Amino acid sequence: MTHALPLPDFTHERVEVITGRRSGLFIAAALHSSVLGPALGGARMWNYPHWSDALGDALRLSAAMTLKNAAAGLDAGGGKAVIGLPPGTVLDAERRRAAFLDLGDAVESLGGLYRTAEDVGSTTDDMLVVSERTEHVVGLPDRVGGSGEPAGPTSIGVYASMTATLERAVGTADVAGRRITVAGLGQVGSRLALQLAAEGAVLTVTDVNPAKKELAADLGAAWVDPAEAHLATADVFVPAGIGGVLTDEVIDALDARAVCGPANNPLAHRAGADRLAARGILYAPDFVVNAGGVIYLDLAAKQRARAEIMARVEGIGDVLRRIFDEADARAVTPLAAAESLAAERLAAGSARSALV
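In this text the structure is predicted, and so the values were computed from the model without any measurement.

J.: How would you sum up the overall build of the chain? Please name residues and give values.
T.: A count of helical and extended segments in the chain gives 13 helices and twelve strands. In summary, the chain has a C-alpha radius of gyration of 19 Å against a globular reference of 21 Å for 356 residues, a match within 12%. Viewed in the frame of its principal axes, the chain has a C-alpha envelope of about 50 × 50 × 40 Å. Looking at the chain as a whole, 56% of its 356 residues qualify as buried. In the chain, of all internal contacts separated by at least 6 residues, the share reaching a separation of at least 24 is 66%. Accessible surface for the chain amounts to roughly 14400 Å². Of this, 52% is attributable to carbon and sulfur atoms. Of note, the chain has its 32 positive side-chain charges centred 3 Å away from the centre of its 43 negative side-chain charges.

J.: Tell me what's going on with the nonpolar core, and back it up with residues and numbers.
T.: Counting 77 residues, the largest nonpolar core has Ile 180, Val 182, Leu 196 and Leu 203 as its most contacted members. The element that contributes the greatest number of residues to this core is helix α4 (residues 151-170), accounting for seven residues. Beyond its immediate stretch of four places on either side in the chain, Leu 196 contacts Tyr 159, Met 162, Val 175, Ile 180, Val 182, Ala 201 and Leu 203. In terms of nonpolar packing, the next biggest core, distinct from the first, is built from 24 residues, Ala 29, Leu 101, Tyr 114 and Leu 140 among them.

J.: Which residues make up the packing of aromatic side chains, and what values do they have?
T.: Counting across every chain of the model gives one aromatic pair. Taking the centre distance of 6.0 Å and the plane angle of 35 degrees together, the rings of Phe 26 and Trp 51 count as tilted. Of this pair, Phe 26 sits in strand β2 (residues 26-33) while Trp 51 sits in helix α1 (residues 51-71), and the two are 25 residues apart along the sequence. With a relative accessible area of 14%, Phe 26 lands in the buried category. Here Trp 51 falls in the partly exposed class, since its relative accessible area comes to 48%.

J.: Could you give me a rundown of helix α12 (residues 316-330), with the residues and numbers involved?
T.: Residues that lie three or four places apart on an α-helix share one face, since the helix turns once every 3.6 residues. With 15 residues, α12 should cover 21 Å at 1.5 Å per step; its first-to-last C-alpha distance of 21 Å lies within 8% of that length. Along α12, the residues that are buried comprise Ile 316, Gly 317, Leu 320, Ile 323, Phe 324 and Ala 327. Projected onto a plane normal to the axis of α12, the buried residues spread over an arc of 115 degrees and lie on a single side. Among the exposed residues of α12, those pointing more than 90 degrees away from its buried face are Asp 318, Arg 322 and Ala 329. At the exit of α12 stands Ala 331, carrying a positive phi of roughly 55 degrees.

Reading the values: rules and limits
- Residues numbered from 1 in each chain as written.
- Predicted model: local features only at pLDDT ≥ 70, side-chain atom pairs only at ≥ 80, totals over all residues.
- Heavy atoms only, no water.
- Helix = DSSP H or I, 4+ residues; strand = E, 2+ residues; numbered from the N terminus.
- Rg over C-alpha atoms; globule rule 2.2 N^0.38 Å.
- Buried < 20%, exposed > 50% of the residue type's maximum accessible area, 1.4 Å probe, protein only.
- Contact = heavy atoms within 4.5 Å.
- Areas by Shrake-Rupley, 256 points an atom, 1.4 Å probe, with all protein chains shown as cover.
- Lys, Arg positive; Asp, Glu negative; His and termini not counted.
- Charge placed at Lys NZ, Arg CZ, Asp CG, Glu CD.
- Core = buried A, V, L, I, M, F, W, Y, C linked by side-chain atoms within 4.5 Å.
- Phe/Tyr/Trp six-rings, centres within 6.5 Å; stacked < 30°, edge-to-face > 60°.
- Expected span 1.5 Å × (residues − 1).
- Arc of directions from axis to C-beta.

Function cannot be read off these values alone, since they describe shape.
Okay, here's the thing in structure tokens:
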């Protein structure tokens with residue numbers, strides 16, 4: 001973990017925590033809500049200082065998925081899985097396979113109330129291994145007829161959010177000439193950086209992997225140390241790595257007009273949204289911005305037409321504009337407005353469930 005975060009309040013329907021019988025690894029499958037339908041959320045494999053950090057991540061991420069899926073208008077609840085690796089652990093192919101077989105067992109134990117998919121540290125091929133133990137998995141590789149990697153749709157949704165954020169923060173949606181800092185060059189961050197560079201943005205980039213400097217050079221982007229990315233003057237700061245990066249100290253020093261990025265839970269504390277607002281920094285809520293991948297996975301699994309799916313993904317920008325308008329009208333933060341949007345859908349879903 002980049003930052004040790006406190007455990008969230010426990011509001012979950014069910015959490016399955018196991019020591020994988022094959023891998024010996026800590027695995028948590030967290031079902032936060034099935035009010036709107038079977039939960040959908042990825043499976044993260046990451047190094048954690050302690051098993052409790054892995055559990056806390058699963059609880060936070062699954063709760064965020066409830067908000068994400070509700071705000072995106074999906075008939076899907078929130079859930080997340082985490083495979084926790086002790087510090088410094090590197091899995092060989094045999095133990096990695098064992099870990100995802102164990103994950104499949106944990107997902108299956110939830111009886112179809114949680115569907116998993118790839119996430120940070122996992123791949124579509126890992127999901128194929130999971131599918132040997134449960135049918136409740138989406139985003140299998142293209143070669144077996146699955147919907148494949150969701151990073152592309154996620155980055156499209158982030159770009160739509162970026163233009164909506166720029167429009168509100170600086171008065172134009174045009175990225176050309178805008179100073180943008182991308183902190184994290186994983187699958188989504190790299191795709192986004194490539195598109196922004198192609199459209200003339202002035203980029204500053206960073207990643208915990210120094211090998212990503214080569215991509216920075218290819219893009220003509222300035223490279224900074226990850227710990228100093230927030231100090232670069234920017235129109236938009238893009239958190240695109242692991243969550244919790246927007247601590248009070250980072251927010252107080254942040255030299256940006258807006259924050260909009262694909263990282264889950266970038267705020268170390270919810271009050272960070274108020275802290276950003278007090279500094280006049282526009283915050284685009286992460287669970288709205290990064291919903292493109294889950295929209296794609298959910299609708300592809302339901303065999304919707306690709307044109308319909310991509311229209312929904314590109315419509316994230318309009319959802320964000322509605323949230324900004326609502327925040328202004330109510331004199332609240334965009335985070336509070338986005339949470340209200342999700343709460344409305346959850347309340348309606350709960351009411352429908354009560355009538356069954």
